[in-house]
Amino acid sequence: MIGSLFADTRGVSPAVTQALTIGISTILITGLLIAGGSLIEGQTENVAREGLIDIGSGVATDLVRLDQFNTSTLNSDIEFRSRYPERVAGEQYRISLVPTSSQTRIYVNSTVEDYSTVVRFENQSRICSGTADGGAVTVRFNTSSSAQCMEIRD
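Note that the coordinates shown come from a computational prediction; the quantities given were computed from them, not determined experimentally.

The rules we used
- Residues numbered from 1 in each chain as written.
- Predicted model: local features only at pLDDT ≥ 70, side-chain atom pairs only at ≥ 80, totals over all residues.
- Heavy atoms only, no water.
- Pairing = 2+ DSSP bridges.
- Helix = DSSP H or I, 4+ residues; strand = E, 2+ residues; numbered from the N terminus.
- Axes fitted to C-alpha atoms, helices over the stretch in contact; angles between N-to-C directions.
- Core = buried A, V, L, I, M, F, W, Y, C linked by side-chain atoms within 4.5 Å.
- Buried < 20%, exposed > 50% of the residue type's maximum accessible area, 1.4 Å probe, protein only.
- Contact = heavy atoms within 4.5 Å.
- Polar contact = N/O pair within 3.5 Å; in protein donor to acceptor, adjacent residues only side chain to side chain.
- Disulfide = S-S within 2.5 Å.
- Patch = residues over 30% accessible without salt bridge, like charges linked within 9 Å, V, L, I, M, F, W, Y side chains within 5 Å.
- Areas by Shrake-Rupley, 256 points an atom, 1.4 Å probe, with all protein chains shown as cover.
- Salt bridge = Lys/Arg side-chain N within 4 Å of Asp/Glu carboxyl O.

**Some thoughts on the sheet that holds strand 1 (residues 78-83)**
Here we have three strands laid out as an open sheet, ordered 1-6-7, and antiparallel in their pairing. Where the open sheet ends on each side, the last strands, each with one partner, are strand 1 and strand 7 (149-153). Sheet twist, expressed as the mean angle between neighbouring strand axes with direction ignored, is 15°. The pairing of strand 1 with strand 6 (residues 136-142) spans six bridges and is classified as antiparallel. Pairing of Ser82 across the sheet is with Val137, part of strand 6.

Below, the structure is given as C-alpha cells:
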C-alpha cells in the first residue's frame, strides 16, 4: 500500500521542465532581438540626421565666407571647394540651395531613406538656386552669368 501512494512520477518532470525552459528562453531571446533591432534603427536615423546637419552647416559656412567678399568689383569667379562624405549612414544625399526673401535655405536630403534637414542663413549677395550631390562640393560666386550670384556645384 505504501508503494502505491508514492508512485514514481519523475519521468514527466524533466520533460515539462525542459519544454518550459525552451519556451521561456525563446520568448526572451525574441524580445531582445526585437528591442536590439529597434535600437539600431533609431541610432542609424540619428547618425544620418546629424551627418546631414553637419554637411548643411559646412556648406552654409562656405557660403557665408564667400558672402563676406566685396563682389561688386570682381572680374573673375571666386570659389571654395570642400570635400564631404559621399554617403551618410550608407545612403547617398543631395544638397539643394534655395533662396527666399528673408533667408537662404540649404536642404540636405537622403536620396533613398526619408532623412532630411534644413539649414538657414542670412546673406547679402544674390543666391542662384542649385543642387549638388555628396562628395566634392564647390561654392562659388559666378561673375560670368548675368545674375552674378553665389551658387553650388558638384
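What follows picks up the thread again.
**Topic: the nonpolar core**
By size, the foremost hydrophobic cluster in this structure holds 26 residues, and its most contacted members are Val59, Leu63, Tyr93, Ile95 and Ile106. Within the residue set of this core, elements represented by two or more residues are helix 2 (12-67), strand 1, strand 2 (93-99), strand 3 (104-110), strand 4 (116-121), strand 6 and strand 7. The biggest single contributor to this core is helix 2, with seven residues. Ile95 has contacts with Ile55, Val59, Ile106, Tyr107, Val108, Gly130, Thr131, Ala132, Val137 and Ile152, leaving out every residue within four places of it along the chain.

**Looking at the side chain of Asp62**
Mapped onto the elements, Asp62 comes out in helix 2. A polar atom in the side chain of Asp62 sits 3.2 Å from the side chain of Arg65. Non-local contacts of Asp62, meaning those with residues more than four positions away in its chain, are made with Phe80, Ser82, Tyr84 and Val139.

**Brief notes about the state of the cysteines**
Scanning the entire structure with this criterion turns up one disulfide. A sulfur-sulfur distance of 1.7 Å marks the disulfide that ties Cys128 to Cys149. Linking Cys128 and Cys149, the disulfide has an S-S dihedral of approximately -100° and is accordingly described as left-handed. Linking Cys128 in the loop between strand 4 and strand 5 (130-133) with Cys149 in strand 7, this pair joins segments that are 21 residues apart in sequence. Cys149 gets classed as buried once you look at its relative accessible area, which sits at 0%.

**Some details on the pairing of strand 4**
Side chains Thr117, Val119 and Phe121 project from strand 4 onto a buried face, and the interleaved Ser116, Val118 and Arg120 project onto a face without burial. Sheet analysis places strand 3 next to strand 4, joined by six bridges and oriented antiparallel. Bridge assignment links Arg105 to a residue of strand 4, and that residue is Arg120.

**Let's talk about a nonpolar patch on the surface**
Taken together, the side chains of Val16, Leu20, Ile24 and Leu28 present a nonpolar region at the surface, about 390 Å² in accessible area. Tracing the backbone shows Leu20 in helix 2. For Leu20, a relative accessible area of 53% puts it in the exposed group.

**What to know about the pairing of strand 5**
Side chains Gly130 and Ala132 of strand 5 all project onto a buried face; the interleaved residues Thr131 and Asp133 project onto a face where none is buried. In this sheet, strand 5 lies alongside strand 2 in antiparallel orientation, the contact comprising four bridges. From the neighbouring strand, Ser96 faces strand 5, where its bridge partner is Thr131.

Function cannot be read off these values alone, since they describe shape.
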